[in-house]
Amino acid sequence: EEMNGTLIYVSTPVMQFNAATAKCSQIQEDADVIYLGKAAAEINGVAQGDYVTVKVDNNSARYKVKLDDKISSNIVVAGAYTPNNPMFEALSIGYKFKRTEIIKG
């Protein structure tokens, strides 16, 4: 299945599993925050500190935008494995990449 448009990446718990992943930078995960790179912010017309509604399938929740210069492309990062995340159930089931819609406001 082809996945075009904005994708949300469901990030995993912050842990190092091997020597290669130990070199990776970690993003601080907050349940009420969605992380975007510059490209995703421009495409979706949002900036640092804006609030957005994120839709995945038939679920939606409101998040605060944080920009991260380590994220490239039109990918959004959500910390799904935080039980108080408003979309914990919808994000934690299935494939790590999901189609999403981001609505400013």
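Just above, that's the structure.
Here the residue numbers are simple positions, counted from 1 along each chain's written sequence. Local features in this predicted model are restricted to residues of pLDDT 70 or higher, and side-chain atom pairs are both shown and tallied only at a pLDDT of 80 or more, whereas totals for entire chains, interfaces and linings draw on every residue. The basis for every side-chain value is the complete set of non-hydrogen atoms in the structure, without hydrogens or water.

**Concerning the overall build of the protein chain**
Within the protein chain, the secondary structure is distributed over three helices and seven strands. Secondary structure follows DSSP: runs of H or I at least 4 residues long count as helices, runs of E at least 2 residues long count as strands, and numbering of each begins at the N terminus. Beginning at the N terminus, the succession of helices and strands in the protein chain can be written as β-α-β-α-β-β-β-α-β-β. Burial here depends on accessible area, computed with a 1.4 Å probe over protein chains only, as a share of the maximum for the residue type. Under 20% is buried, over 50% is exposed, and the range in between is partly exposed. For the protein chain, buried positions account for 37% of its 105 residues. Residue pairs in contact within the protein chain that sit at least 24 positions apart in sequence constitute 71% of those at least 6 positions apart. Split by element, the accessible area of the protein chain, about 6,300 Å² in all, is 51% carbon and sulfur. Contacts are assigned to residue pairs that have any heavy atoms within 4.5 Å of one another. Computed with the Shrake-Rupley method and a 1.4 Å probe, the accessible areas treat only the protein chains shown as cover for residues.

**Let's talk about the pattern of salt bridges**
Salt bridges, as used here, are contacts in which a Lys or Arg side-chain nitrogen is within 4 Å of a carboxyl oxygen on Asp or Glu. Counted under the stated rule, the structure contains one salt bridge. Notably, a salt bridge pairs Asp50 with Lys104, separated by 3.6 Å at the nearest N-O pair. Separated by 54 residues along the polypeptide, Asp50 in the loop between helix H2 (38-44) and strand E3 (51-56) and Lys104 in strand E7 (residues 101-104) bring together distant segments of the chain. Here Lys104 falls in the exposed class, since its relative accessible area comes to 52%.

**A short note on the environment of Val65**
Here Val65 shows up in strand E4 (residues 59-67). Ignoring sequence-local partners within four residues, the contact set of Val65 consists of Ile34, Leu36, Val46, Ala47, Gln48, Gly49, Asp50 and Val52.

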